[in-house]
Amino acid sequence: MDTTIRIKKLTKKFGKVVALNGVSLVIEPGAFLTLLGPSGCGKTTLLRCVAGLEDPDGGEIYIGNQLVFSYEKGISLPPSQRELGLVFQNYALWPHMKVDKNITFALEIQKMPKEEMNKRVKEALKEVQMEGYEDRYPREMSGGQQQRIALARMLAYRPKVFLMDEPLSNLDARLRMDMRSEIKRLHHVAGATTIYVTHDQVEALTMSTTIAVMKEGVIQQFDTPDKIYHFPGNLFVADFIGNPKVNLLKGLINGKDTVDLGSFKITAETFGATGNVVIGIRPEDIAISTQSSPGAVEFNAYSILPSGADTTIIARRGDMELNIRVMGISEIKMDEKVWLSFNPQTLNLYNKESGNLITS
Amino acid sequence: MTDASISQISLSQRLTANSRRFFRWLTKPQVLLSLLLVIIMFYMVIIPLYKLLSTTVTWQIVDVSRIEGAVEGEFTLYHWKRMTTGIFGKIYTLEPLTHSFTIAIGTVFLAMFIGGALAWLVVRTDMPRRNLINQLAVLPYIMPSWTLAQAWLVIFKNRTQGGAPGLFEYIVGQSPPDWLSYGPVPIIICVALHYYTFFYLFVSAALMSIDSNLEEAGELMGADRWRILRKITLPLVLPAMLSGFIMVFSKALGTFGTPNILGSPVRYYVLSTMMRGSLAAGDKADAFVLGIILILFSIVTISLNQRLIGTRRSYETIGGRGFVATPSKLRSWKKIIFVIVVAFQLAVLIIPLGLLTYDTFLLRSGDFSFDNLTLQNWIGEANPDYNDGQPGVLRNPRIWKTAWNSIRLALLTALFSGILGVLLGYSIVKGRGTRLSKMVEQMAYLPYVIPGIALGAVYIAMFSKPLGPIPSLYGTFALLVVVSIADKLPYSSRSGVSAMMQVGHELEEAAEIAGANVWQRFKQIIFPLTTAGFVSGFLLTFITVMRELSLIILLVTRDTQVLASQTMWYIENNLDQMANIVILILILITVTGNLIIGRFRGGSLQKGLVGR
């Protein structure tokens, strides 16, 4: 069964606000695509357009070979005919129905025989580890349990495509961790093409096979989590992904593979580019030492922020400030002199004007 | 990344696409419903208003025989000239207008003081028995507005108008002065004591949403209690005050029952009573001129309110979360204030009702001694010596029909209004931000500016002849139902909107994705989830329709008489004791209905009134 989702030049306006500005995407069957971006970037709108809850103002959407939306042809299949399931941010469990009624609602509409329905309820509850909760009302369960029921409700009618709109944002940090692995597992077992909306980069990086980073209704980068993290396509993506934040340093290309940062120079692959650039360096890609070594640059340890597994050190030199991340607890003290060294392989150079990554 | 090309299409395909898009827009449930509601409301509100206006500028059949050159149906400004200029204008328009204003302004300030003070005491202080006071405060609203007027007459009736004296004269031995018996003073007191409930509810809702930290911050900075009340609390409840102001002002401006009882006997006419007089005299166009004047003043007041508060729906609840408020300590004042509040409740509720009841057992009106007690007024057989030969109220078969009419009217109106409210709420909330949604909301709001008596007048103008597919409805029971539904539109839509707001749009979308069609969504998701709001709205409508007078007084006929208009009939025929019996029956039915309906699904009158 082909469940490739193809989105072509999708545009959606709310009054004068452009929520989607010509978005095009192809989502491979079985992929776990995360739409990632700050609030108001259009990620939820895109999801709702795929679901059929919003009518876009331009473009086309295919699910498999079926054209489910086309502005130009005036086609828009209602949500129920798109064979997809949606998990809402606030779960949207019907408060006046017990768990089993919530799950069988869609099945009853399909006029499924009763035994089959009961079987589906049992299976779905088992999949989300909520056996025995059939007779609870939503308000009688915790947020995490409601979340699982919302997932079970979607699983029970076996849609071709899973859509999830920030399903974990209302849970506490601990539960969110558990649910991440559960959802990833469910996707693995069901193999359904999934579109997942979140503003949480860790969720995106840990769960997806592909990430689309969005800003102001435009896709900034569409890539694997690994590529998104290590080779952010532009300054926005670089800045948005990573915690602690990426270090962005303004500089001027000086010679073949040297960037002048003002008080010191740094070696980097420039791919023949010239002029003003911004260097992006991940905090964990900077080596820090209390001993001087050739090529290392002297900084002052401005603040030390240990968090158990790792430590973030904020180092200053003049008005330049860098975040450095080291594993474990650091021995460095505040206001100590430190020497930083940079690995040219891990630096990304961005054109200062366009903000785009400079590549070969 | 992807093949983003979109196939080129021809002109005819584009046309098909456009019509498909239009059809899809049209068949969205909120759009289809909105359009349907717009058509219904157009018939119920817009056409009547137009008819009202057009009647005042055309010659009427009664004019033809009276005035030279009048041709029925032709355009004329005669009625406007007559009603606004010269001695005629002074007596028929200016004086009643002045009186209406006097009463509205007096009422608003008195009601504001009573309702505001009571709200503050109940919500913000450590006064004892606050729950009880809270319950009692809403009761006057359940009684017909002219109950207090009747009770007033039981006490202060004087013999200048003939008939029997009141309790005051019976005890003191002296006739109370005219200004105390009739006219603006008693009218204002009686109307204010009925409508203070609005202020009470609005202000207490607003007070409940104020974080007491705000007041405590002032206290920590050393402000005394009076200063805190004046500088912090009052400004915060000001919007609620203004909402109450507008509501009570426009209600008092159009009120009919009380001025008819306490004003008309001394020729103290207000716009509503004057309108009724003109209609009774057959001068429809003249009466409608007064109706339009009444509407104009309502519109002016409401737009002033919007200017002042700045939002169009400011009469709605002041939203906000509930906080645990620290009550102000009344300290040594506690007992005194409690006694005053209790005495007040006694004076406005228990004593009037008690006296009214006692009065119904008197054989000869005005003699309050025990040996004058009788059941004649209740169950006596027709006897030419008493009550103009009218039989006791309970023996009068017409009363049962009348009571049934009242109940039927209230139930039907409440049912239709409730359903209409949910549909209005759905269309408005689901379509938020679209022009259609705004239009529906504004149309539903329109009857708010039309005082009841004017709306009644409009319906005479409209339905006395067949209109489009609708036959002539004058004199039918259906007309009473339709006009009552129209009158309640703003409240239905408000409670529908607030009920829908509580049902997140995801709940319906989840059902849509699950494959439920519109009907299944309404039946299984939207209706069940709005039940509590529906019941509260139903209750409010039931009560207000039960005791509605000004709206239908112009429309009832012998066969469609309801209890409220029946009391007026008895009063106008000087059968006050029998009128009082009908009032008691009316209150009894309303309270019973309130108790029965209130049992369902957490509906409550207070919720219905405040709309949350």
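This text follows the structure it describes.
Residues numbered from 1 in each chain as written. Chains lettered and ligands numbered in written order. Predicted model: local features only at pLDDT ≥ 70, side-chain atom pairs only at ≥ 80, totals over all residues.

**Student:** What is the right way to look at the interface of chain A and chain B in this model?
**Tutor:** Many authors give the size of an interface as the accessible area that is lost as the parts come together. Every contact between the two is made by 28 residues of chain A and, on the other side, 27 residues of chain B. Split into classes, the residues belonging to the side of chain A that touches chain B amount to 14 nonpolar, eight polar and six charged. (Contact = placed C-beta atoms within 7 Å. Nonpolar A, V, L, I, M, F, W, Y, C, P; charged D, E, K, R; others polar.)

**Student:** Could you clarify how one ought to interpret the environment of B:Gly257 in this entry?
**Tutor:** Residue and element names in this part refer to chain B. Within the secondary structure, Gly257 is located in helix H13 (residues 257-262). According to the C-beta neighbour criterion, Gly257 is buried, with 29 such atoms within 10 Å. Here the alpha-carbon distance between Gly257 and Pro144, two residues 113 residues apart in the chain, equals 8.8 Å. (Helix = DSSP H or I, 4+ residues; strand = E, 2+ residues; numbered from the N terminus. Buried ≥ 20, exposed ≤ 12 C-beta atoms within 10 Å, placed from the backbone.)

**Student:** Help me out: how do you make sense of the sheet that holds strand S19 (residues 320-327) of chain A in this one?
**Tutor:** Strands belonging to one sheet form pairs held by backbone hydrogen bonds; the direction of such a pair is parallel or antiparallel. Residues and elements named next belong to chain A. Pairing is antiparallel across the open sheet formed by five strands, whose spatial order is S16-S20-S17-S18-S19. Lying at the two open borders of the sheet, with one neighbouring strand each, are strand S16 (286-289) and S19. Between one strand axis and the next, the sheet turns through 40° on average, direction left out of account. Bridging between strand S17 (residues 297-306) and strand S18 (residues 310-317) involves six bridges; their strand directions are antiparallel. The residue bridging Pro306 from the neighbouring strand is Thr311, located in S18. (Pairing = 2+ DSSP bridges. Axes fitted to C-alpha atoms, helices over the stretch in contact; angles between N-to-C directions.)

**Student:** Would you explain the sheet that holds strand S5 (residues 66-70) of chain A in this entry?
**Tutor:** All names here are of chain A. Pairing is antiparallel in the open sheet, where five strands are placed in the order S2-S1-S4-S5-S6. Of all strands in the sheet, those bounded by a partner on one side alone are strand S2 (17-27) and strand S6 (75-76). Relative to S2, strand S1 (residues 5-14) runs antiparallel, the two being bridged by eight bridges. Directly across from Arg6, in S2, lies its bridge partner Val26.

**Student:** Is there a simple way to explain the environment of B:Tyr474 in this structure?
**Tutor:** Residue placement: B:Tyr474 occurs in the loop between helix H20 (452-463) and helix H21 (477-502). Take B:Tyr474: there are 14 C-beta atoms within 10 Å of it, and that puts it in the partly exposed class.

**Student:** Would you mind going over the packing of helix H2 (residues 99-109) of chain A against helix H3 (residues 114-127) of chain A with me for this structure?
**Tutor:** A pair of packed helices is captured by two measures, namely the crossing angle of their axes and the spacing between those axes. Residue and element names in this part refer to chain A. Taken N-terminus to C-terminus, the directions of H2 and H3 make an angle of 125°; their axes are 10 Å apart at the nearest point. One way to sum up the angle between H2 and H3 is to call them oblique. The two elements H2 and H3 cross, and the hand of that crossing is right-handed. Facing H2, whose interface residues are Asp100, Ile103, Thr104 and Leu107, H3 presents Met117, Arg120, Val121 and Ala124. A breakdown of the residues in the contact of H2 with H3 according to their chemical character gives five nonpolar, one polar and two charged. (Parallel < 35°, antiparallel > 145°, perpendicular 65-115°, else oblique. Left-handed = near helix turned anticlockwise from the far one by under 90°.)

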